[in-house]
Amino acid sequence: MPPAVGNPRFGRLRRHRTLSVLAALVILTGVVFGGRWAYGRLFPPSLTCGAGMTATGTPLACVGVNIDSAPFTDHEPDRMRELENAVGTANGQVKGDYTSIVLMLDLSPVSDVDTLTYGSLYPNIEGALAAVWRANNTAAYGSTPAIKLYLANMGSQYGGWAVTVDKLKEKANAEHISAVVGLGQSTDQTRRAAAAISSQLHIPVVGSTVTGDSMNIDPADPAGKKQIADLFRVSPTNSDSVVAATQYASGLKPAVTSLAVVADSVTGDDYTQTLAAAAKTRFQAANRTVTVLPYTSPGDLTAGSGRQDYLVQQFNLMHANLCQAAPSVVYFAGRGHDLGAFVENWVQGAPCGIAQLHILAGDDASESIHDKGVLNGIASGRVTVAYTALASPDEWGTQCPGSDAKHNYDQFWAAFTGRPDPCTGQPLTADKDVPTLSFDPVDLASGQAMLTHDAAVAAISAGRRDAAGLRNPGLQTGILHQFYCAQMLPGASGWLSFGSDGTPAGKPTPVVQLGADGTTKTIALTWPDGTPNLSLPQRGGKGAPGCPNGG
């Protein structure tokens, strides 16, 4: 039998090990990339994304900047699609020179994973649309250039923030993007997103409900001192909210002699961390016992993993210690979405001699105004729920004409609802023959629409005052720093005045009582800065934030 004849090419490869390795790598690379190409052709993604977005995450969602107002998921509620179409329609009406602002949030929340819902997102989009409508059709905030609005999705738990920032960079020049507003919740992900936008795009980021004390600190700074240069916010910080809560609690009768802080110790959530830290110290007072009851919410969940069950188990174990503390007031330093599990456990747990539990919470409790567990608990008479809101539709009272701050709110209300000014009875005059907005006043209850409107107003005002247009977007940060003292901006949630660190000065904090039917009522208006700020300062006036000598 003749000997086997070898291929001379393979023989040479065997003699040259380097050539063999390189050949194998070339073949392997071809297989991998060819396989990926073939898999993509044979099994395309089940979700097709519009311009400026890409499908990612589990379940799949379109993450990025929504240029053509396409769906973010294939199962969006009808209301979400209506608002996306409203954004697209408004952008289509813009002619000539324009600048764009981007509302950046988690716009594809997953039930029982994210601590926000579609219902809580709608007012944010409506508030931004109201700001853009006023800018384009009234004299409230100048006239040129025109303003476009784009929605940007960071995905569930803000997990796609880096992709969204990359998409912002891709579209910034073509779409004349001058600022980002919103951000959503105070988490490590949103803080990294703000830092990346500042360092890579050099445009302002104006947070609407970003309250975590450390949210303006660059996460890349190991010393924890460097500020994110372009970050501003229109909401008070958590420390200010706790100051407001202590002001309110100190005025209660009978006096609060025993208080429990139910504190979420989860990592990566600046809201719960800084809220709990402030509460543990700020509520300390003579003749008052403060008990800290910790729990840990789940930090990273997948769809269907059961956040509610996870928390009910912990609160069930907490029940005995809460009864032992016998507090006059419980301060809930956790996410509002988790308040329902706490209330349900208290109402359904074994009685322990406390007829009614008085719960006071931070601003995120606005997420619970439609929570059945919370509302049923209030209806039972076993709990009361109040929280320090960032804004409230009745915080300025009903007296006419009222303060200048109330006048600013009434103008916003008329634009938001398309109805006459509640004090003057006159319809809002538009510069053009355009349809008015017609959003439901009920959507103002959480205050989210007011705050997102104000964040957009700040961004729009800075963009329109930038004489260099978009050729020097970094200039707009300097302009935002000029909004203080006599140059305050009229906002729905109060006059907008920024301190040197980008946080608001002179903003009020309403304390809101939640009713069993989901209605809200402002029961106190506190001023953590100490001085009410209701009007622009007149020459020689005193007390306006940022003014020399306080006036």
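What counts, and at which threshold
- Residues numbered from 1 in each chain as written.
- Predicted model: local features only at pLDDT ≥ 70, side-chain atom pairs only at ≥ 80, totals over all residues.
- Heavy atoms only, no water.
- 1 Å grid on protein atoms, 1.4 Å probe; cavity = no way out; pocket = protein on both sides within 12 Å on 5 of 7 lines; lining within 4 Å.
- Points joined across faces, edges and corners; volume = space filled by probe spheres on them.
- Helix = DSSP H or I, 4+ residues; strand = E, 2+ residues; numbered from the N terminus.
- Pairing = 2+ DSSP bridges.
- Axes fitted to C-alpha atoms, helices over the stretch in contact; angles between N-to-C directions.
- Contact = heavy atoms within 4.5 Å.
- Buried < 20%, exposed > 50% of the residue type's maximum accessible area, 1.4 Å probe, protein only.
- Core = buried A, V, L, I, M, F, W, Y, C linked by side-chain atoms within 4.5 Å.
- Phe/Tyr/Trp six-rings, centres within 6.5 Å; stacked < 30°, edge-to-face > 60°.
- Lys NZ or Arg CZ within 6 Å of the ring centre and 35° of its normal.
- Disulfide = S-S within 2.5 Å.
- Parallel < 35°, antiparallel > 145°, perpendicular 65-115°, else oblique.
- Left-handed = near helix turned anticlockwise from the far one by under 90°.
- Nonpolar A, V, L, I, M, F, W, Y, C, P; charged D, E, K, R; others polar.
- Expected span 1.5 Å × (residues − 1).
- pLDDT = per-residue confidence, 0-100.

A word on empty space enclosed by the protein
Working step 1: Tallied over the full model, the rule gives 1 cavity of 30 Å³ or more.
Working step 2: Roughly 240 Å³ of volume is contained in the largest cavity.
Working step 3: Along the wall of the largest cavity there are 25 residues; nearest its centre are Q185, T209, D364, E367 and Q448.
Working step 4: Broken down by secondary-structure element, the contributors of at least two residues to the lining of the largest cavity are α4 (118-137) and α13 (448-464).
Working step 5: If one sorts the elements of the lining of the largest cavity by residue count, α4 sits on top with 3 residues.

Brief notes about the sheet that holds strand β1 (residues 53-56)
Working step 1: If you walk across this open sheet you meet the 7 strands as β1-β2-β4-β3-β5-β6-β7, and the pairing is mixed. If you trace the sheet from one side to the other, it starts and ends with β1 and β7 (231-233), each paired once. For this sheet the average axis-to-axis angle between neighbouring strands, irrespective of direction, equals 25 degrees.
Working step 2: Each of β3 (98-105) and β4 (146-153) touches α4; the most contacted strand, β4, lies at about 165 degrees to it.

Things to note about the sheet that holds strand β12 (residues 383-388)
Working step 1: Taken in spatial order, the 7 strands make up an open sheet running β9-β8-β10-β11-β12-β13-β14, and their pairing is mixed. Each end of this open sheet is capped by a strand with a single partner; those strands are β9 (289-295) and β14 (520-526). For this sheet, the mean inter-axis angle between neighbouring strands, taken without regard to orientation, is 25 degrees.
Working step 2: Relative to β9, helix α9 (residues 307-325) is tilted by about 165 degrees, and along the sheet it contacts β8 (258-264), β9, β10 (329-333) and β11 (357-361).

Observations concerning the pairing of β3
Working step 1: When you tally the buried positions in β3, you get 8 out of 8 residues, the bulk of the element.
Working step 2: Judged by which residues are buried, β3 turns out to be covered on both faces: Y98, S100, V102 and M104 on one side and T99, I101, L103 and L105 on the other are all buried.

What about the nonpolar core?
Working step 1: Membership of the largest hydrophobic core comes to 92 residues, with the highest contact counts inside it found for I101, M104, I125, L168 and I197.
Working step 2: Looking at this core element by element, the count peaks at 11 residues for α4.
Working step 3: Here I197 is in contact with M104, V165, L168, V180, H202, I203 and V205, once residues within four sequence places are set aside.
Working step 4: Formed by 32 residues, the second largest nonpolar core is a distinct cluster that contains V262, F315, I378 and V385.

Notes on the packing of aromatic side chains
Working step 1: Enumeration according to the criterion identifies 10 aromatic pairs in this entry.
Working step 2: Where F412 meets F416, the ring centres are 5.5 Å apart and the plane angle is 40 degrees; that geometry is what we call tilted. Placement of both F412 and F416 in helix α12 (residues 404-417) is noted, with a separation of 4 residues, approximately one turn of the helix. Accessibility classification places F412 together with F416 in one group, the buried group.
Working step 3: The ring of Y98 is capped by K148, whose NZ or CZ atom sits 4.2 Å from the centre of that ring.

A few points about the environment of S366
Working step 1: Within the secondary structure, S366 sits in the loop between β11 and α11 (372-380).
Working step 2: With 148 residues separating them along the chain, S366 and L514 place their C-alpha atoms 9.0 Å apart.
Working step 3: Those residues in contact with S366 that sit more than four places away from it in its chain are Y387, S446 and Q448.

What to know about the state of the cysteines
A covalent bond between the sulfur atoms of two cysteines is what we call a disulfide.
Working step 1: Tallied over the entire structure, the rule returns 3 disulfides.
Working step 2: The disulfide that involves C49 links it to C62, with 2.1 Å between the sulfurs. One disulfide, between C49 and C62, carries an S-S torsion of -90 degrees and so falls in the left-handed class. Taken together, the positions of C49 in the loop between α2 (17-42) and β1 and C62 in strand β2 (residues 61-66) put the pair 13 residues apart, joining distant regions of the chain.

Section: the packing of helix α3 (residues 78-92) against α4
Working step 1: Contact geometry of α3 with α4 gives a least axis separation of 10 Å together with a crossing angle of 15 degrees. Between α3 and α4, the angle falls in the class roughly parallel. Crossing hand, α3 versus α4: left-handed. Contacts from R79, M80, L83, A86 and V87 of α3 reach α4 at Y118, Y122, I125, E126 and L129.
Working step 2: Of the residues assigned to the contact of α3 with α4, the class counts are 8 nonpolar, no polar and 2 charged.

Examining helix α6 (residues 188-201)
Working step 1: Taking 1.5 Å of rise per residue, the 14 residues of α6 would be expected to cover 20 Å, and the 19 Å separating its terminal C-alpha atoms lies within 8% of that figure.
Working step 2: Among the residues of α6, those classed as buried are T190, R191, A193, A194, A195, A196, I197, S198 and L201.
Working step 3: Packing partners of the buried residues in α6 comprise β3, α5 (161-171), β5 (177-182), β6 (205-207) and β7.
Working step 4: After α6 finishes, the residue H202 shows a positive phi value of roughly 60 degrees.

Focus on the confidence of the model for the chain
Working step 1: A residue-level look at the chain finds 87% of positions with pLDDT of 70 or above and a mean pLDDT of 87.
Working step 2: Here residues 18-29 is a poorly scored stretch, pLDDT under 50, and it has 4 contacts once near neighbours within four places are set aside; other chains count.
Working step 3: Contacts for the low-pLDDT stretch residues 31-44, under 50 throughout, to residues beyond four places or in other chains number 3 contacts.

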